[in-house]
Amino acid sequence: MEAQERVARKTARSVDRKTDGDDSDLDMRKLLRALQAVRDGDFSVRLPRDTTGIAGKAADTFNEIVASSQRMAREIERAGQMVGKEGKTRHRVSVDRRSGTWGAMEGSINTLIDDLLWPTAEVTRTISAVAKGDLSQRMQMEVDGRPLRGEFQRSATIVNSMIDQMGVFTSE
């Protein structure tokens, strides 16, 4: 009796495996190659769309993830070109998936752009005032309650020192 139960369980597992295999034609080698390509930064790779069942859904989901990654990469590249090269400082990254980490990445990149552009805007504001004869303007040494650090602090200190020197020269 116990031997018959073991054979029945073994047969059931074998049938389950066959059913799982018959569910689709998703080739594990294709999946592995596609995953490796994405890992290596190739977001043009896609799995075949003709697969059915759970494997077909997995392939479709993989393709959606890779397409979203490809769009994000293009949008970051576009922002770099527009903001960094063309000087269109009002441009921000915008992605179609704003939930979860997709939205967090969009927010992080846009915050980075804002944080990097703030010193430029502040220098422009301060030097414009000096050009109009207003030597009372200074670069702020903090942003949103946080003190400037690194190169931002260095630049602000240099601009403020320059304005102080100009004030000394004009008072003599």
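Since the model is a prediction, treat every value here as computed from it, not as a measurement.

Peer 1: Explain the layout of surface pockets to me, please; I cannot follow it from the model alone.
Peer 2: Any empty space left between the atoms is revealed when a probe the size of a water molecule rolls over them. Estimates place the volume of the largest pocket at around 170 Å³. Around the largest pocket, the lining residues are Asp115, Trp118, Pro119, Val143, Arg146, Pro147, Leu148, Arg149 and Phe152. When residues of the lining of the largest pocket are traced back to their parent elements, those giving at least two are helix 4 (100-131) and strand 2 (146-147). Residue composition of the lining of the largest pocket, grouped by class: six nonpolar, no polar and three charged. Put simply, the second largest pocket is a space of about 150 Å³. Looking at the second largest pocket, the residues that line it are Thr89, Arg90, Arg92, Asp114, Leu117, Trp118, Thr120 and Ala121. Along the lines of polarity and charge, the residues of the lining of the second largest pocket split into three nonpolar, two polar and three charged.

Peer 1: When you look at the environment of isoleucine 109 in this model, what are you seeing that I'm missing?
Peer 2: Along the chain, isoleucine 109 turns up in helix 4. For isoleucine 109 and alanine 79, which are 30 residues apart along the polypeptide, the C-alpha to C-alpha distance reads 9.3 Å. With residues near it in sequence (within four places) discarded, isoleucine 109 still touches Met72, Ile76 and Val93.

About the cut-offs
- Residues numbered from 1 in each chain as written.
- Predicted model: local features only at pLDDT ≥ 70, side-chain atom pairs only at ≥ 80, totals over all residues.
- Heavy atoms only, no water.
- 1 Å grid on protein atoms, 1.4 Å probe; cavity = no way out; pocket = protein on both sides within 12 Å on 5 of 7 lines; lining within 4 Å.
- Points joined across faces, edges and corners; volume = space filled by probe spheres on them.
- Helix = DSSP H or I, 4+ residues; strand = E, 2+ residues; numbered from the N terminus.
- Nonpolar A, V, L, I, M, F, W, Y, C, P; charged D, E, K, R; others polar.
- Contact = heavy atoms within 4.5 Å.

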